[in-house]
Amino acid sequence: DLREREQQIAFVADAADLGLWAWTTPQDTVWATERLNPMLGFAPGAPISLVSFLEHVHPEDREPTRQALQRALDDASDYSAEYRVVLPDGRQRWIAASGRVERRARDGAVRMMGVCVDVTARKHDEVERLRLRAELAHVGRLSSMAQLASGLAHELNQPLGAILRNAEAAELILQSSPPDL
């Protein structure tokens, strides 16, 4: 039954492209599914510890990720974080992780179990959406400026046209000798 259940869980995790993990804090060891190691930038089967995991996390995301883990441990609460990992080839991947703390009363050990999913495509889509929104705002500002310029040109054209017509009329009047005032 246990083996069948493990196979079912592995099948579901693979189908959903999830990496499952369990971190035992006293030994600082992480059990991980085969999919998780490459997702985090580790070689298949390589051991993972908190220190080695944090070394793979992008430097800007390292401290917030560590703090989220520590908060979950301190409060025995759920863990949730999104962070970038730096792969061996230098590329970056966005990971969404969530977990749950479990304290064992008999030996006081703390274990956190969780799941990771690669959300790189979603993050790239968000960046592209923000870029397009900024571009549309810029185009909107340009359109507003064009409308303002058009309105100003119209407002200036009317009095300038009247001045020009009056100047032409004055010129005609002054051309006759003697001028008919």
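Description of the structure in this document.

**Here's the deal with the overall build of the protein chain**
Now for step 1: Looking only at helices and strands, the protein chain has five helices and five strands in total.
Now for step 2: Moving toward the C terminus, one meets the helices and strands of the protein chain in the order α-β-β-α-α-α-β-β-β-α.
Now for step 3: Over its C-alpha atoms the protein chain spans a radius of gyration of 34 Å, topping by over 25% the 16 Å that the globule rule assigns to 181 residues.
Now for step 4: Dimensions along the principal axes, computed over C-alpha positions, put the protein chain at roughly 120 × 35 × 30 Å.
Now for step 5: Partitioning the contacts of the protein chain with sequence separation of at least 6, the portion at a separation of at least 24 is 41%.
Now for step 6: Total accessible area on the protein chain is roughly 12,700 Å²; 57% of this is exposed by carbon and sulfur atoms.
Now for step 7: Here the protein chain contributes 21 positive and 27 negative side-chain charges, whose respective centroids are spaced 6 Å apart.

**Considerations on unusual backbone geometry**
Now for step 1: Non-glycine residue Asp-17 carries a positive phi angle of around 60 degrees.
Now for step 2: Mapped onto the elements of the fold, Asp-17 is located in the loop between helix H1 (2-15) and strand S1 (18-24).

**Some remarks on the pairing of strand S5 (residues 110-118)**
Consecutive residues of a regular strand have side chains that alternate between opposite faces of the sheet.
Now for step 1: Where S1 lies against S5, seven bridges are found, and the strand directions are antiparallel. Its bridge partner lying in S5, Ala-22 is registered against Met-113.

**A short note on H1**
Now for step 1: Between its terminal C-alpha atoms H1 stretches 20 Å, which fits the 20 Å expected from 14 residues at 1.5 Å a residue.
Now for step 2: The buried fraction of H1 is low, at one of 14 residues.
Now for step 3: Downstream of H1 by a residue or two, Asp-17 has a phi angle that is positive, lying close to 60 degrees.

**Notes on the sheet that holds strand S3 (residues 78-86)**
Now for step 1: Read across the sheet, five strands follow the order S2-S1-S5-S4-S3 without closing on themselves; strand pairing throughout is antiparallel. In this open sheet, the two strands that pair with only one neighbour each are strand S2 (29-32) and S3. Between one strand and the next, the sheet's axes are offset by a mean angle of 25 degrees, whatever the strand orientation.
Now for step 2: Across nine bridges, the pairing between S3 and strand S4 (residues 92-103) is antiparallel.

**Examining the nonpolar core**
Now for step 1: Of all hydrophobic cores here, the largest spans 25 residues; its most connected members are Leu-40, Phe-53, Tyr-79, Tyr-83, Met-112 and Cys-116.
Now for step 2: At the level of elements, S1, helix H2 (36-40), helix H3 (50-56), helix H4 (59-75), S3, S4 and S5 are the ones that each hand at least two residues to this core.
Now for step 3: Once residues lying within four places of it in the same chain are set aside, the contact partners of Met-112 are Trp-21, Ala-22, Trp-23, Leu-69, Ala-72, Leu-73, Tyr-79, Arg-100 and Val-101.

**Notes on the packing of aromatic side chains**
Now for step 1: Counted according to the given criterion, the structure contains two aromatic pairs.
Now for step 2: Both rings, one in Trp-21 and one in Tyr-79, keep their centres 6.3 Å apart while their planes meet at 75 degrees; by these two values the pair is edge-to-face. With a gap of 58 residues between them, Trp-21 in strand S1 and Tyr-79 in strand S3 connect regions that are remote in the sequence. Of the two residues, Trp-21 and Tyr-79, both sit in the buried class.
Now for step 3: Ring plane angle 80 degrees and centroid distance 5.5 Å describe the contact between Phe-53 and Tyr-83, whose orientation is recorded as edge-to-face.

Thresholds, definitions, all that
Residues numbered from 1 in each chain as written. Predicted model: local features only at pLDDT ≥ 70, side-chain atom pairs only at ≥ 80, totals over all residues. Heavy atoms only, no water. Helix = DSSP H or I, 4+ residues; strand = E, 2+ residues; numbered from the N terminus. Rg over C-alpha atoms; globule rule 2.2 N^0.38 Å. Contact = heavy atoms within 4.5 Å. Areas by Shrake-Rupley, 256 points an atom, 1.4 Å probe, with all protein chains shown as cover. Lys, Arg positive; Asp, Glu negative; His and termini not counted. Charge placed at Lys NZ, Arg CZ, Asp CG, Glu CD. Pairing = 2+ DSSP bridges. Expected span 1.5 Å × (residues − 1). Buried < 20%, exposed > 50% of the residue type's maximum accessible area, 1.4 Å probe, protein only. Axes fitted to C-alpha atoms, helices over the stretch in contact; angles between N-to-C directions. Core = buried A, V, L, I, M, F, W, Y, C linked by side-chain atoms within 4.5 Å. Phe/Tyr/Trp six-rings, centres within 6.5 Å; stacked < 30°, edge-to-face > 60°.

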